Amino acid sequence: CILLLAIWATGKTFAQVKPSYPVFRDELLLKLKEDSSSKLLIREITINGNKKTRSYIILREILLKKGDSAIAGKLMELVTLSKNLVYNSNLFLEVEIQPILESAHDLRLEVTVKERWYILPIPQFRLTDRNFNEWFKVYNADFNRVIYGAKFTHYNFSGRGDQLRASILSGYARSLSFSYVAPSSNNALTEGYSIATSYTQNRE
């Protein structure tokens, strides 16, 4: 009798358990197939993995915004398009957007990115002569006829997708150059500016 009572009590308890949240992608897809016309409210958008890039730069590329309502049948299409837009910013190696149901009609988007290496230094070594043989045989490998130095590029200088470029060359020709491009300078992130300056001095 005690054993039967325990089985009956356990079965009754499981029957009263309600589905828990959050519900991840696979369960969400099943729900969308069952009711594609329902609306889901975007309660929150969380971003992970952006150590350098500002969060609002990523949010700008996402078609769904906090507080928006999305038709269930169009949700995954918008998520895929948003993922491609974030990836096309050329700031990340990997982008994943995971829709998560927080309740029956509330949704949270979890964005996970993997940033690329933004700093690119490039050493420079150039001959002023037509080829190596002429420099080596005619001018006895004279290093005064060589241009050397380095170029430096930062593709995400302040975390806003802005680019900083600098170049320092010396030897036969000397030059200094600097440029900065800020694609998003206003609050609406629709305008930008660029500045550049350079100085060059040749022996001849």
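All of these numbers come straight from a predicted model, not from anything done at the bench.

Draft legend 1. Molecular detail of the sheet that holds strand 4 (residues 106–115). The strand order across the open sheet formed by four strands is 2-1-4-3, and the pairing between neighbours is mixed. The sheet terminates laterally at strand 2 (69–71) and strand 3 (92–101), the two strands that pair on one side only. Adjacent strand axes in the sheet meet at a mean angle of 35 degrees when their direction is disregarded. Relative to strand 4, strand 3 runs antiparallel, the two sharing nine bridges. When the bridges of strand 4 are listed, Glu96 appears paired with Thr112. Contacting strand 1 (39–48), strand 2, strand 3 and strand 4, helix 4 (residues 72–87) crosses the sheet at an angle of about 160 degrees to strand 3.

Draft legend 2. Inspection of unusual backbone geometry at higher detail. For Asn90, which is not a glycine, the phi torsion comes out positive at approximately 65 degrees. By secondary structure assignment, the location of Asn90 is in the loop between helix 4 and strand 3. Take Asn90: its relative accessible area is 52%, and that puts it in the exposed class. For Leu189, which is not a glycine, the phi torsion comes out positive at approximately 60 degrees. For Leu189, the location among the structural elements is in the loop between strand 8 (173–182) and strand 9 (193–202). The exposure class of Leu189 is buried, given its relative accessible area of 17%.

Definitions and cut-offs
- Residues numbered from 1 in each chain as written.
- Predicted model: local features only at pLDDT ≥ 70, side-chain atom pairs only at ≥ 80, totals over all residues.
- Heavy atoms only, no water.
- Pairing = 2+ DSSP bridges.
- Helix = DSSP H or I, 4+ residues; strand = E, 2+ residues; numbered from the N terminus.
- Axes fitted to C-alpha atoms, helices over the stretch in contact; angles between N-to-C directions.
- Contact = heavy atoms within 4.5 Å.
- Buried < 20%, exposed > 50% of the residue type's maximum accessible area, 1.4 Å probe, protein only.

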